[in-house]
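Coordinate analysis (summary)
The residues making up each chain are set out below.
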Amino acid sequence: MPTVLDQIIDGVREDLAGREARVPLEQLRRQCDGMPAPRDAAALLRRPGLCVIAEVKRKSPSKGDLSQITDPAALARAYTEGGAAAISVLTEERRFSGSLDDLTAVREAVDVPVLRKDFMVGEYQIWEARARGADIVLLIVAALDDEQLASLMALAGRLGMTCLVEVHDEAEATRAVDLGATVIGINNRNLKTLEVDTDTFARLAPLVPESCVRVAESGVQGPEEARLFARAGADAILVGEALVIGGDPAAGVRAMIDAGATR
């Protein structure tokens, strides 16, 4: 029986085929020529303290609608006012109501690194991300075999981009490390069931070398969780839901950073 992840990826592939038919790969490559170099996100996420990657997120498969977000650029600016180290932009359309236009709007609004958060299944999406100004791409180990993962990491590296390589169990963490990932996201949400277990980060973090950037994903409801993940070894947290429904995104980011400083 197909998992939730399988179903999402089926939709991603269908939508991707439509974009590939409308915009040839060579056109994307030309758009990337002459663009400013990507920002060094890995270096920024290694700075002292707990970094926050704040997310532009309208909805999710587990919670449904979260926020209208009519102006993603304004939200991104609020995040940076609060001290966010990077902005994550969901671009998957069917389950998250995201778009590449959101990515463009955010890129034009802020100077910090921008993450294209989507379900990457092919090289075309990496070129799309760079053409829209993304500095970071998400690569989900559960969605890719080792050959695919290595190929996408290599292309992103050639384009100067940072890969946030996401894992959610021991086998995936080992695969990511063995393939040379240097920024590893530990997702407390099981993408096959959508259940969240906030103990996942603490369990998997010891499998990730201290030379890597360790990012805790999912389950951050506020400063308390930010502090717990920092104490468990997180260099950064990726937060969406708590910030878009919290009412004051700048203050929300600031409170999480402050909590992480008291690890």
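Check the entry above for the structure.
Residues numbered from 1 in each chain as written. Predicted model: local features only at pLDDT ≥ 70, side-chain atom pairs only at ≥ 80, totals over all residues. Heavy atoms only, no water.

1. Some words on the state of the cysteines
The final tally for this structure, using the stated rule, is 0 disulfides. We note that Cys-51 lacks a disulfide partner, and the nearest cysteine sulfur, in Cys-212, lies 15 Å from it. Its sulfur unpaired, Cys-163 is 13 Å from the next cysteine sulfur, which belongs to Cys-212. For Cys-163, a relative accessible area of 12% puts it in the buried group. (Disulfide = S-S within 2.5 Å. Buried < 20%, exposed > 50% of the residue type's maximum accessible area, 1.4 Å probe, protein only.)

2. Concerning the pattern of salt bridges
A full pass over the atoms with the stated rule returns 15 salt bridges. Salt-bridge contacts for Arg-19 lead to Glu-128; the nearest nitrogen and oxygen are separated by 2.5 Å. One end of the pair, Arg-19, is in helix H1 (residues 4–22); the other, Glu-128, is in helix H6 (residues 123–131), and 109 residues separate them in sequence. You'll find Arg-19 and Glu-128 in the same group, each marked buried. The salt bridge involving Glu-26 is made with Arg-29; its shortest N-O contact spans 3.8 Å. Of this pair, Glu-26 and Arg-29 both sit in helix H2 (residues 25–32), 3 residues apart, which is roughly one turn of the helix. Judged by relative accessible area, Glu-26 falls into the partly exposed class, the value being 42%. Judged by its relative accessible area of 33%, Arg-29 falls in the partly exposed class. Residues joined in a network through salt bridges with shared partners are Arg-19, Arg-116, Asp-118 and Glu-128. (Salt bridge = Lys/Arg side-chain N within 4 Å of Asp/Glu carboxyl O. Helix = DSSP H or I, 4+ residues; strand = E, 2+ residues; numbered from the N terminus.)

3. Points about empty space enclosed by the protein
For the coordinates displayed, the defined rule picks out 1 cavity of 30 Å³ or more. Here the largest cavity defines a volume of roughly 30 Å³. Lining the largest cavity are Leu-45, Ile-53, Leu-115, Ile-136, Thr-162, Leu-164 and Val-183. When the residues that make up the lining of the largest cavity are grouped by side-chain class, the tally is 6 nonpolar, 1 polar and no charged. (1 Å grid on protein atoms, 1.4 Å probe; cavity = no way out; pocket = protein on both sides within 12 Å on 5 of 7 lines; lining within 4 Å. Points joined across faces, edges and corners; volume = space filled by probe spheres on them. Nonpolar A, V, L, I, M, F, W, Y, C, P; charged D, E, K, R; others polar.)

4. Topic: the sheet that holds strand E6 (residues 136–140)
Spatial ordering of the closed barrel is given by E1-E4-E5-E6-E7-E8-E9-E10, a layout of 8 strands whose pairing is parallel. Each strand axis lies, on average, 25 degrees off the axis of its neighbour in the sheet, ignoring direction. The pairing of strand E7 (residues 162–167) with strand E8 (residues 183–187) spans 3 bridges and is classified as parallel. Pairing of Val-167 across the sheet is with Ile-186, part of E8. Each of strand E1 (51–56), strand E4 (86–90) and strand E5 (114–117) is contacted by helix H5 (residues 100–109), which is oriented at about 175 degrees to E5, the strand it contacts most. (Pairing = 2+ DSSP bridges. Axes fitted to C-alpha atoms, helices over the stretch in contact; angles between N-to-C directions. Contact = heavy atoms within 4.5 Å.)

5. Observations concerning the pairing of strand E10 (residues 236–239)
Burial along E10 is two-sided: the residues Ala-236 and Leu-238 and Ile-237 and Val-239 are all buried. Where E1 meets E10, 4 bridges bridge the pair, whose relative direction is parallel. For Cys-51, the partnering residue across the bridge sits in E10 and is Ala-236. Two strands pair when backbone bridges link them, and strand E9 (residues 213–217) and E10 are joined in this way by 3 bridges, in the parallel orientation. Paired with Glu-217 across the two strands is Leu-238, which belongs to E10. With helix H10 (residues 223–231) bridging E9 and its parallel neighbour E10, the resulting β-α-β unit is right-handed. (Right-handed = clockwise from strand over helix to strand, strands pointing away.)

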